[in-house]
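The chain contents come next:
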Amino acid sequence: MEFWVIFVGAVFVNNIVLSQFLGICPFLGVSSKVSTSLGMAAAVLFVMTIATTVTYLLHQYILVPMGLEYLRTIAFILVIAALVQMVEIVLKKVSPSLYQALGVFLPLITTNCAVLGVAILALGMEDGNLIKAVFFAVSSSAGFALALIVFASIREYLELADLPEGMKGVPINLLVAGLLSLAFLGFANLV
Amino acid sequence: MTAQKKDSTLINMVLALFIITGAAGLSLGYVNELTRGPKAAAKLARKVQAVETVLPEFDNQPVSEVVRVMAGEPGDSTEIYPAYLQGEFVGAAVTGASEKGYNGLIRLLVGFHADGSMENIAVLEQKETPGLGTKMKGERFLRQFRGKDPSEFELKAVKDGGDVDALTGATITTRAFSEAVQQACEAYRGYKESLPTEN
Amino acid sequence: MSNASKYKSTFLRGIIRENPVFVMLLGMCPTLGVTSSAFNGLGMGVATLFVLLMSNTVVSLVKSQIPAKVRIPAFIVIIAAFVTVVEMILEAYIPLLYEQLGIFIPLIVVNCLILGRAEAFASKHSVASSAVDALGMGLGFTMALTVLGGTREILGSGSLFGFPFVGEEANMLILFILPPGAFIALAYLAAVFNKLTRKIA
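The rules behind these values
Every chain begins its residue count from 1, and numbering advances along the sequence as written. Numbering of ligands from 1 and lettering of chains from A proceed in the order in which they are written. Only residues with pLDDT of at least 70 are given local features in this predicted model, and only at 80 or more are side-chain atom pairs given and counted; all residues enter the totals for whole chains, interfaces and linings. Hydrogens and water molecules were not included; the side-chain quantities draw on all heavy atoms of the structure. Any two residues having at least one pair of non-hydrogen atoms within 4.5 Å are treated as being in contact. Note on definitions: buried area is the accessible-area loss of two parts on being combined, 1.4 Å probe, summed for both. Salt bridge, as used here: a side-chain nitrogen of Lys or Arg that lies within 4 Å of a carboxyl oxygen of Asp or Glu. We call two N or O atoms a polar contact when they sit within 3.5 Å, provided that within protein one can donate a hydrogen and the other can accept it, with sequence-adjacent residues counted only if both atoms are side-chain atoms. The numbering of helices and of strands both runs from the N terminus, where a helix is a DSSP run of H or I of at least 4 residues and a strand a run of E of at least 2. Patches here: salt-bridge-free residues with over 30% relative accessible area, like charges joined within 9 Å, nonpolar side chains (Val, Leu, Ile, Met, Phe, Trp, Tyr) joined within 5 Å. Accessible areas in this description were obtained via Shrake-Rupley with a 1.4 Å probe; residue shielding takes into account the shown protein chains only. pLDDT expresses how confident the predictor is about each individual residue, on a scale running from 0 to 100.

> Even after reading the chapter, I still don't get the interface of chain B and chain C, so can you show me in this structure?
Size of an interface, as often reported, equals the accessible area lost when the parts are brought together. Each side of the interface is counted separately: chain B has 31 residues, and chain C has 33 residues. Between chain B and chain C the total buried area reaches about 2,700 Å² when both faces are included, carbon and sulfur atoms providing 69% of it. Between chain B and chain C we count 2 salt bridges in total. With a shortest N-O distance of 3.8 Å, Glu91 of chain C and Lys39 of chain B are connected by a salt bridge. Run the count over chain B and chain C and you get 1 residue pair in polar contact (both at pLDDT 80 or more). Of all the elements in the fold, those that place two or more residues in the side of chain B that touches chain C are helix H1 (10–54) and helix H2 (139–142) of chain B. Here the side of chain B that touches chain C takes 15 residues from H1 of chain B, the largest share from any one element.

What follows is the structure, given as structure tokens:
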């Protein structure tokens, strides 16, 4: 039951992109085609899950016991940056085909605020534990994937639309994102 | 402009990162020490201010005389800040909470007179919808509680057969708010019974 | 070009031609996330300006000492340190703003604008021009956030910087202080900004 609440909360009610505004850069940047957005979503799922696991343990077993909570930001971003590098190297060796699919997205993820954001949010969960934190990360990246893929599908159609000069490009994309976000407001109070 | 860059040898890389991280860590430790006092003071000042806005006139230090009572949920305690004027008990500020807000937790601080009527209410924590639920902080909503005695004022929305006029478009917030006030009232009643009788 | 006019063009570039928000679309997360009021927008803008100014200056100072291969992690550590300083200062002295900005304070670290300026500008230019560049970009960012926050606050709450100009019972366009309103308001502001700057150019 509790896991169901975390899942619905992270995917629909408090969608990480459309209501929490995390990961907006890749949301606007790599959403022109559905195929690339699928790759980005997979890369985020991968990194976010591992990063949250590592940062949660780091916070619980090193920073808190030593009274060094104030180093949280610096420690987390270093872990994420190192992790992205490591994932890149391991992936290249272990699964070249997966590396080819995700490779171009990995460097972008270091500065994807969704990864750091979820790692920090996972610390503040009620009666939190490692399993809940990891489940929260998986749910959040599912929410990210949902928003990104729906948005990319709409943008593919948008290219055919006849628009006034000033609205082309960024403004119309933001407007579509706004309408999507409005649709997600309908999920409020679901859990 | 063309400053000679250090070569990317292993020793150079490790050294550069080590020095930067070390310097960053040390200076943060220093700033952390510097701001520790002001941080605690700021937290206390907010508490004192909230207590002052909801209580009738007093001359003691309610924040340092706080009493904690365990409420239903484990780890969830109600705080009671007693107020005295010239040694006489004049009321108390009591926290109350409800999880049933539109977006979860609402925490309030309710100020009571010694006779049990409410002086004022302050919102400590909320995540309600801006522009709808957040109007619970507004004078228009709060003034209906002032001077009311909860034993004669049913703490439920009018829709549910109570006396609380709901916020437009925020019935759920109103219900949670009323529930939180109710919780504070019950805690206050329990606290008053535990006080030594006057005279 | 004389030194003064070079600084002037570096400074102005960040405010208009390469405005980080309206033109470059950098730092979108805080731009959309905290601008439900003019005060929050201004606060986030100033916090970012401070981090940007400090990190640009320090990166420019130490640039010749950092081996190229560890450049990015070194910059990130420098930025993260200043972000933590801002976080501590806000918590101690402006707790209200600290609470309002919430998670977006530590997330200044991953604001692409800051790492972007460190990498693209400060690691190649002198300390003085890096500082001027940071001031221009930071002010451009601050102005954009304040305008966006102000627009949303006027439409959504009927007030500006917390001063109301309609009664408490007035029903405003609440949509604009809710998440969708952030996207929609920014969409129209970006369209207007592009139109205006095109006219000037």
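> Even after reading the chapter, I still don't get a nonpolar patch on the surface, so can you show me in this structure?
Residues and elements named next belong to chain C. On the surface, Phe39, Leu42, Val46, Ile89, Tyr93, Ile94, Ile154, Leu160, Phe161, Phe163, Phe165 and Val166 cluster together to form a nonpolar patch covering roughly 1,100 Å² of accessible area. Among the elements of the structure, helix H3 (38–62) and helix H4 (71–93) are those that each provide at least two residues to the nonpolar patch. Top contributing element to the nonpolar patch by residue count: H3, with 3 residues. Mapped onto the secondary structure, Val46 falls in helix H3.

> Help me understand the confidence of the model for chain B in this model?
Reading fine detail from the predicted coordinates is not recommended where pLDDT is low. Averaged over chain B, the pLDDT score is 81; the fraction of residues at 70 or greater is 91%. The ipTM for the predicted assembly is 0.85, set against a pTM of 0.83.

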